[in-house]
Structures are given as C-alpha cells and as structure tokens.
Amino acid sequence: MALVTTAEVCDANPQLIVSGELRALQPIFQIYGRRQVFCGPVVTLKVFEDNVLVREFLEEKGNGRVLVVDGGGSQRCAILGGNPVVQAQNNGWAGIIVNGCVRDVDEINGCDIGVRALASHPMKASKKGIGEKHVPVMVGGTRIFDGEWIYADTDGVLVSKTELSV
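These figures come from a predicted structure and were not determined experimentally. (Residues numbered from 1 in each chain as written. Predicted model: local features only at pLDDT ≥ 70, side-chain atom pairs only at ≥ 80, totals over all residues. Heavy atoms only, no water.)

**Focus: the UniProt feature "binding site: substrate" (unreviewed entry) in the chain**
Put simply, the test is: UniProt positions are given in the numbering used here, feature names are shortened, and annotations may be inferred rather than shown by experiment. A cavity, in this analysis, means grid points on a 1 Å lattice covering only the protein atoms where a 1.4 Å probe fits yet has no way out; a pocket is instead an open set bounded by protein on both sides within 12 Å along at least five of seven lines, and a residue lines either one if it has an atom within 4 Å of a point. Strands are runs of DSSP state E lasting at least two residues, helices are runs of H or I lasting at least four, and both sets are numbered from the N terminus onward.
The sites that UniProt annotates as "binding site: substrate" (unreviewed entry) are G81, G82, N83, P84 and R103. Despite a sequence span of 23 residues, these residues sit close together in the fold, their greatest C-alpha distance being 10.8 Å. From the set just named, the residues that line the largest pocket comprise G81, G82, N83, P84 and R103. Mapped onto the fold, P84 is located in helix 4 (residues 82–90).

**Details of the UniProt feature "binding site: Mg(2+)" (unreviewed entry) in the chain**
Mapped onto this numbering, the UniProt entry gives "binding site: Mg(2+)" (unreviewed entry) at D104. Within the secondary structure, D104 is located in the loop between strand 6 (95–102) and helix 5 (105–109).

**Here's the deal with the packing of aromatic side chains**
Cut-off, in case you're wondering: Aromatic rings from Phe, Tyr and Trp, with only the six-membered ring used for Trp, were paired whenever their centres fell within 6.5 Å, and each pair was classed as stacked if the ring planes differed by under 30 degrees, edge-to-face if by over 60, and tilted otherwise. Cation placement over rings: the criterion is NZ of Lys or CZ of Arg within 6 Å of the ring centroid and within 35° of the ring normal.
With the rule as written, the count across this model stands at 1 aromatic pair. Lying over the aromatic face of F57, K133 brings its terminal NZ or CZ to 5.6 Å of the ring centre.

**Let's talk about helix 4**
Rule in force here: Whether a residue is buried, partly exposed or exposed follows from its accessible area with a 1.4 Å probe, protein chains only, as a fraction of its type maximum: under 20%, in between, or over 50%, in that order. Arc definition: directions from the helix axis to the C-beta atoms. Contacts between residues were defined by any pair of non-hydrogen atoms, one from each residue, lying within 4.5 Å.
All buried positions along helix 4 are accounted for by G82, P84, V85 and A88. The buried residues of helix 4 all sit within an arc of 165° when viewed along its axis, so they share a single face. Of the exposed residues in helix 4, those oriented more than 90 degrees away from the buried face are N83 and N90. Summarising the contacts, the buried residues of helix 4 are in contact with helix 3 (52–59), strand 5 (78–80), strand 6, helix 5 and strand 7 (114–120). Positive backbone phi, at 85°, marks G92, one or two positions downstream of helix 4.

**Re the side chain of E148**
To keep it simple, the criterion reads: Pairs of N or O atoms within 3.5 Å make up the polar contacts considered here, provided that, within protein, one atom can donate a hydrogen while the other can accept it, and that residues adjacent in sequence are counted only when both atoms are side-chain atoms.
Mapped onto the elements, E148 comes out in the loop between strand 10 (142–144) and strand 11 (149–153). In this structure the side chain of E148 is engaged in a polar contact, spanning 2.9 Å, whose partner is the side chain of R23. Here F145 takes part through its backbone nitrogen, which lies 2.9 Å from a polar atom of the side chain of E148. Filtering out sequence-adjacent residues up to four positions away, E148 remains in contact with R23, G40, P41, V42, R143, V159, S160 and K161.

Structure follows, in structure tokens:
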C-alpha cells in the first residue's frame, strides 16, 4: 500500500465496505512511533492490565505482521512500553495496535514502527501471563480476527478480511 491512503482504499472499495469485508476502526487512537503508515496481516491477543503475552509475541519474528491487542480499553496502566516496542522494531513487526495504554512514549516515538493506542500512562502492567492468543478481539468498535489485514495511516485504521491490491 505504498502510495495509497486509507481514504483512497475506502473510495475505491465501496462494495467491500457494504459487505463488511472492509471496516474502519473508530477514531479513538493516538499515533506513536516513527512509522505513521503501515499495513500487514493481523495477529490477535486479548489481555487485561497484563503485558506478559504482549512481550512474548513481540520477541518472535514479526515478518511484517501487525499485533492487535485488546486490552479491554483499560486506562489504569500501560500494557506496552519502550523495551517491547524496540524489540518489535528489531524483529520486523510492521505495527502494534493497542486497545489500552502505552508508556515510554519518547522511546516509542524513536522507533521505526507504527503504534496506535488509546493514551499514555506511567504505571506498568501486572505480570501474570493471563490472556488469550489468536482469538477474535473487539478493538475500536470492530471485531478483528487473526489473519485479517490492517491498513493504517494518519487518517485512520482499516481492517480487511483479505489483503488488498490497489
């Protein structure tokens, strides 16, 4: 999706929007990281105020994927910080979308990766390792499934059932 914006994708695919195959997340996310435009296949994770599984995923090779984390929308602590984001960048992840908070914003903003989150929060998450991997998640008012595709830019975030070619 090199030079194609999310707005252009929407304009070019009204039939996919009507069918629900192309959905836009609600405009609730803050933009972090140096990569404001990113796309890739989705990997889903559901956690609540716990970041152990988030870190485990980001220690794996990303291969251009986007980690979508349903943190339950909690704004009581951060479930993603600078160290895991640096690791994600180094492991080839395209982006991370968090239905929750991040911290270490200056460090994250120095990384060549796309990050979207509700807000920043200085408190860290617990370390219990509780959560579910590769399950459908509800993020930004949209149900997102493992293996779908994310397209993000400064206009917003789209989810597609399949990889889009424009």
